Amino acid sequence: MLLISSMVLYSCSSKQPVRTDTLLREWQFTQDTTDNPVWEDVTIPHDWAISGPFDRANDLQEVIVVQNGESEPTWKTGRSGGLPWMGKGHYRTRVAVKKDRFYTLVFDGAMSHADVYVNGEEMVYWPYGYNTFDCYILPELITGDSVDIDVYLENKPQQSRWYPGAGLYRNVHLVETNPIHIPTFGTLVRTSEVSREKAIVSFAAELQNGVDSTSAEAEGVTIETDILYDGKVVATIDGQEGQTEVAKPHLWSPETPNLYVARTKVLKGEELLDEVETRFGIRSISYTPEHGFQLNGETRKFKGVCNHHDLGPLGAAVHKDALRHQIKMLQDMGCDAIRTSHNMPDPQLVELCDEMGMMMMIEPFDVWNHGKTENDYNKEFNDWWRQDITNMVKHYRNNACVMLWSSGNEVWNQVLEDGIEIVTNLQALFHELDPTRPVTNGMDQAMHVIHNGFGAAVELPGLNYRTGRYEEAFENLPQKMVLGSETASTVSSRGVYKTPAVIQPDAHYADNQSSGYDVEYCAWSGLPEQDFQLQDDYPWTLGQFVWTGFDYLGEPSPYDTDAWPSHSSYFGIIDLASLPKDRYWLYRSQWNTKSPTLHVLPHWTWQKGDSVPVFCYTSYPSAELFVNGKSYGKLRFATAEETKRLAKGETIEGVSRMPKVGEFEVPEWGSAPRPELLPRYRLMWFDVPYEAGEMTIVAYDANGKEAARETIKTAGEPDHLEVVWANEEENPEELCYYTIRVVDKDGNLCPNANNLIRYEGEGFIATANGDAACLESFVKPQMHAFAGQCTFIIRKGAKGSFLMDR
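These numbers come from a predicted model, not from an experiment. Here the residue index of a chain counts from 1 through its sequence in written order. Side-chain atom pairs in this predicted model are given and counted only at pLDDT of 80 or more, local residue features only at pLDDT of at least 70, and totals for whole chains, interfaces and linings cover all residues. Based on all heavy atoms of the structure, the side-chain values leave hydrogens and waters out of the count.

A separate point is the overall build of the protein. Each helix and strand in the protein was counted, giving 12 helices and 51 strands. In this description the radius of gyration comes from C-alpha coordinates, and the expected globular size is given by 2.2 Å times residues to the power 0.38. A compact globule built from 806 residues would reach a C-alpha radius of gyration of about 28 Å, and the protein, at 27 Å, matches this within 12%. Seen through its C-alpha atoms, the protein measures out along the principal axes to roughly 85 × 60 × 55 Å. Buried, partly exposed and exposed residues are distinguished by accessible area as a fraction of the type maximum, computed with a 1.4 Å probe on protein chains only: under 20%, between the cut-offs, and over 50%, respectively. When burial is assessed residue by residue, the protein has 63% of its 806 residues classed as buried. We call two residues in contact whenever any of their non-hydrogen atoms come within 4.5 Å of each other. Relative to all contacts within the protein whose residues are 6 or more apart in sequence, the contacts with residues 24 or more apart total 69%. All accessibility values rest on the Shrake-Rupley procedure with a 1.4 Å probe; residue burial counts only the protein chains present in the view. For the protein, the exposed area adds up to about 30200 Å²; of that, 46% sits on carbon and sulfur atoms. Numbering of helices and strands runs from the N terminus; a helix is a DSSP stretch of H or I covering at least four residues, while a strand is a stretch of E covering at least two.

Here it is in structure tokens:
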């Protein structure tokens, strides 16, 4: 990708910069459609809907969700977040220009149906709100020292099945160059023959003179490209395209995210006309039945998550500090990959994944030409799929972190006659633009695609859920590999525990919460252990992408059908306030191989006489539970063979028993629960009598020696606030995440506290508490605690204080 954020490159022969990239931050905005609209000054990125208010009527959808097995229409409340993102918006700004220079506007994303005008002339229309697109400011429009830019946007009802955001929610760039220049997405870097000893780097550049494509030969210019590592030139390529050898390359991987830069100069004699820097990494990837997924010749499996694009209380408006904070939290969990579900990512996310060592699956579409909502991308697909894929692939094909592409998610064409033709055409375009990466597709209709030819046509088959059909897929599909393109969809609410802990799909409670014991899911999904087992036991599985890393606005399953006020997801491993749920440590115990994990749940503030299930998520081989010094037994994990005995009803000494399973009917297209797998990955003590005091878990190493312990004490009444700067170590540029904890006089978290927390001071940006049914505003400096905690996002360097109402 072009590194264009705040970039200025100078000619050697003058002080005139040959290329500048300016972020257009200050705009005016209105939704007033009268002849004399009222304008509001806004800063881009801007999401016009995140300030609310929440309302059940916002995009209330009466639909049949066929893929969930529904046959009758139902009212889907909060499906797209319950915020007012529908309607039209108009942005305008004025920018300084020079008559002898050439200008390109680059929009990282605009939600949606963007119509861009310069001095009253239409420059570009781009309907898809997630893609990056550009347009030129035609030279004949520059008649003075400035031009006026107007952007008209429209979001239609039933355009999305999650919260899309609204407005210029990503960065807008003004790129100034000479008329002869390298255009947007105009460089291509590929690496081949990669080893620890050497690598071949191939390079090609496009060239334009004004709005017309041209060549170096036609313009009488030369193109020189230096390959740099750590600021030092290690190789050079002469010409508009060519290749060179890099000796002893520093390879890119999640563990060693080494990056190179291709610095390209366009010269006419001694005059520098343009200069761009393209960042890339040297690494090899392969996918084979014999070795699975290999990065730099080493087999590994994706430990990934799916993420939607919103940033919780910030809405869809992108901020690099927020993206960095998400990546750091996921990496501490042991996660090494992100699937951009189900749309193109913000360029800053890809840039950070390159820098921080996070692999990516980039996915453009949730639908093809058969929609899931009335006005979704199905209305645009036939006319726009080629342009949208082209922009996406050219944008990100130079990024080392991108391991594979996806052609779509749960598209209904997978069971229709045109599906094979469409997926074949899409894959052909992907490979025309980038032959170095495979293309997958997230398929949820496993009972059909395994046998109807669609699954065989997908280059790298991905299954969404359907764990009970993995072996059937392996046996019948010619690729002999299966990727968990979307897995689990376990639901939970942070800090909320429903007893007894029973495996149950689609569980509903009066408080609109899901149990934090991580035993509940939707009828079409499952529990983490089903995916752990498939990845651990079968070499032909390539890894998984869990739904989801973070909670997001919209899709509040299982409270999605006439269940307002639920309006955000319960799927996240981390909640909407960026606070980890207990499930975070379950995944960490399996994925983080750098530091040990020991986590016990639930809290220890109950009522006298309660019988409490206690779960332990740990990377240690065994642990023992104590309540006020009394042991409730030492448990170890079941082996794979022992789970088969548990499934037959056997009791194994020193191994957790299986949790009970509720009564329900497994749909034909679903997967049956496998309670026997939980003792392989969790230590569980059921029916522990509650006594006020303290609960302690002691972990033992392989030699039976104590390795770690964790204690949770019974909490008293709320006494004061504990404030933790959650992203301090990340050295944020602007946004500081503060975790606010309501604690008793001894500093113990009060797990049931819902006190109102207020911020008084400067620099307030947003707040959230992680409650999917909470209707309080994200943009007012106050929020009730949920399960004793909430998050405030404050501008760095601001002064203020947090207060608690009693």
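Text resumes after the structure shown.
Moving on, we come to the side chain of Gln789. Topologically, Gln789 is positioned in strand E50 (residues 789–795). Contact partners of Gln789, with chain neighbours within four places excluded, come to Arg494, Leu579, Thr739, Ile740, Arg741, Leu749 and Asn769.

Take helix H10 (residues 583–591) next. The buried fraction of H10 amounts to 7 of the 9 residues, a majority that puts the element mostly inside the structure. The set of residues buried in H10 consists of Arg583, Tyr584, Leu586, Tyr587, Arg588, Ser589 and Trp591.

In a pair of packed helices, the angle between the axes and the distance between the axes together describe the arrangement. Interaxial angles span 0 to 180 degrees and are taken between N-to-C directions of axes, which are lines fitted to C-alpha atoms, for helices over the stretch in contact. Where helix H2 (residues 320–333) meets H10, the axes come as close as 7 Å, and the angle between the chain directions of the two elements is 60 degrees. The orientation of H2 relative to H10 falls into the category oblique. Where H2 abuts H10, its residues Met329, Asp332 and Met333 lie against Tyr584, Tyr587, Arg588 and Trp591. Under the convention adopted here, Pro, Cys and the residues Ala, Val, Leu, Ile, Met, Phe, Trp and Tyr are nonpolar, Asp, Glu, Lys and Arg are charged, and Gly plus all remaining residues are polar. Residue composition of the contact of H2 with H10, by class: 5 nonpolar, no polar and 2 charged. Angular relationships are summarised with four words: roughly parallel below 35 degrees, roughly antiparallel beyond 145, roughly perpendicular across 65 to 115, and oblique for the angles in between.

Residue Ser112 is reached from Met111 by a cis peptide bond, and omega for that bond is -10 degrees. By the element assignment, Ser112 lies in the loop between strand E8 (102–107) and strand E9 (114–118). A cis amide bond links Ser557 with the next residue in sequence, Pro558, at an omega value of 10 degrees. Its identity is not glycine, yet Asn119 carries a phi of approximately 50 degrees, on the positive side. Positionally, Asn119 belongs in the loop between E9 and strand E10 (121–126). Judged by its relative accessible area of 31%, Asn119 is partly exposed. Positive phi values are uncommon outside glycine, yet Asp687 reaches one of about 60 degrees.

The interhelical angle for the contact between helix H9 (residues 528–537) and H10, taken along N-to-C directions, is 10 degrees, at an axis separation of 12 Å. Taken together, the axis directions place H9 and H10 in an arrangement best described as roughly parallel. Counted together, Pro528, Glu529 and Phe532 of H9 and Arg583, Leu586, Tyr587, Gln590 and Trp591 of H10 form the full contact between these two elements.

For H9, the tally of buried residues reaches 8 of 10 residues, placing the bulk of the element in the interior. Burial in H9 covers these residues: Pro528, Glu529, Gln530, Asp531, Phe532, Gln533, Leu534 and Gln535. On the buried face of H9, the contacting elements are helix H8 (470–476), strand E33 (482–488), strand E34 (490–491), strand E37 (541–547), H10 and helix H12 (678–681).

Turning our attention to the packing of aromatic side chains. Geometry of aromatic contacts follows a simple scheme: Phe, Tyr and Trp rings, the Trp one being its six-membered ring, pair when their centres are within 6.5 Å, and the pair is stacked under 30 degrees between planes, edge-to-face over 60, tilted otherwise. With the rule as written, the count across this model stands at 43 aromatic pairs. The interplanar angle of 65 degrees and the centroid separation of 4.9 Å between the aromatic rings of Trp126 and Trp384 together place this pair among those described as edge-to-face. Here the residue Trp126 occupies a position in strand E10, and Trp384 occupies one in helix H4 (residues 381–396), the gap between them amounting to 258 residues. Trp384 carries the same exposure label as Trp126, and that label is buried. Here the aromatic rings of Tyr128 and Tyr377 are separated by 4.4 Å at their centres, their planes lie at 45 degrees, and the arrangement is tilted.

Spatial ordering of the open sheet is given by E49-E47-E51, a layout of 3 strands whose pairing is antiparallel. Looking at the sheet topology across the chains shown, the edges are occupied by strand E49 (782–784) and strand E51 (800–804). Pairs of neighbouring strands in the sheet enclose a mean axial angle of 20 degrees, with direction left out of account. One ladder, built from 3 bridges, connects strand E47 (residues 756–761) with E49; its direction is antiparallel. Among the inter-strand pairings, Arg758 is bridged to a residue of E49, identified as Gln782. Pairing between strands is defined by DSSP: at least two bridges between them are needed.

So, on to the pattern of salt bridges. In the sections that follow, a salt bridge refers to a side-chain nitrogen of Lys or Arg positioned within 4 Å of a carboxyl oxygen of Asp or Glu. Summed over the entire model, instances satisfying the criterion amount to 42 salt bridges. Between Arg101 and Glu176 there is a salt bridge, with the nearest N and O atoms lying 2.8 Å from each other. One end of the pair, Arg101, is in the loop between strand E7 (87–96) and E8; the other, Glu176, is in strand E13 (residues 172–177), with 75 residues separating them in the sequence. For the pair shown, Arg101 and Glu176 are each scored as buried. Salt bridges linked by common partners bring Arg161, Asp366, Lys372 and Glu555 together as one network.

Attention now goes to empty space enclosed by the protein. The pocket and cavity definitions rest on a 1 Å grid over protein atoms only: a 1.4 Å probe that fits but cannot leave marks a cavity, an open set with protein on both sides within 12 Å along at least five of seven lines marks a pocket, and residues lining either have an atom within 4 Å of a point. Grid points are joined across faces, edges and corners, and a volume is the space filled by probe spheres set on the points. This model, assessed by the stated rule, comprises 6 cavities of 30 Å³ or more. Here the largest cavity is characterised by a volume of approximately 270 Å³. Lining the largest cavity are 22 residues; nearest its centre among them are Tyr128, Tyr130, Gln159, Asp376 and Tyr377. Residues belonging to the lining of the largest cavity are distributed by class as follows: 9 nonpolar, 8 polar and 5 charged. Reported here for the second largest cavity is a volume of approximately 200 Å³.

Turning our attention to the sheet that holds strand E4 (residues 40–43). With antiparallel pairing, the 6 strands of this open sheet are ordered in space as E4-E3-E7-E12-E9-E10. Each of the sheet's edge strands pairs with one partner strand only, and the pair in question is E4 and E10. This sheet shows a mean twist of 25 degrees between the axes of neighbouring strands, independent of strand direction. For E9 and E10, the ladder comprises 5 bridges, and the chain directions are antiparallel. Pairing of Val116 across the sheet is with Val124, part of E10.

This paragraph deals with the side chain of Gln544. Relative to the helices and strands, Gln544 is located in strand E37. The exposure class of Gln544 is buried, given its relative accessible area of 2%. Polar contact criterion, stated in full: a pair of N or O atoms within 3.5 Å, where within protein one must be able to donate a hydrogen and the other to accept it, and residues adjacent in sequence count only if both atoms are side-chain atoms. Among the polar contacts made by the side chain of Gln544, one reaches the side chain of Thr487 at a distance of 2.6 Å. In contact with Gln544, other than residues within four places in its own chain, are Phe302, Lys303, Gly304, Gly484, Thr487, Asp531, Phe532, Gln535 and Trp591.

What follows covers the state of the cysteines. Note that a disulfide, as used here, is simply two cysteine sulfur atoms within 2.5 Å. One pass over the full model with this rule turns up 0 disulfides. Sulfur of Cys335: no disulfide; nearest cysteine sulfur belongs to Cys353 and is 9.1 Å away. Judged by relative accessible area, Cys335 falls into the buried class, the value being 4%.

Further remarks concern the environment of Asn731. Positionally, Asn731 belongs in the loop between strand E45 (720–725) and strand E46 (735–743). In sequence terms Asn731 and Lys796 are 65 residues apart; their C-alpha atoms lie 9.7 Å from each other. At a separation of 3.0 Å, a polar atom in the side chain of Asn731 contacts the side chain of Lys796.

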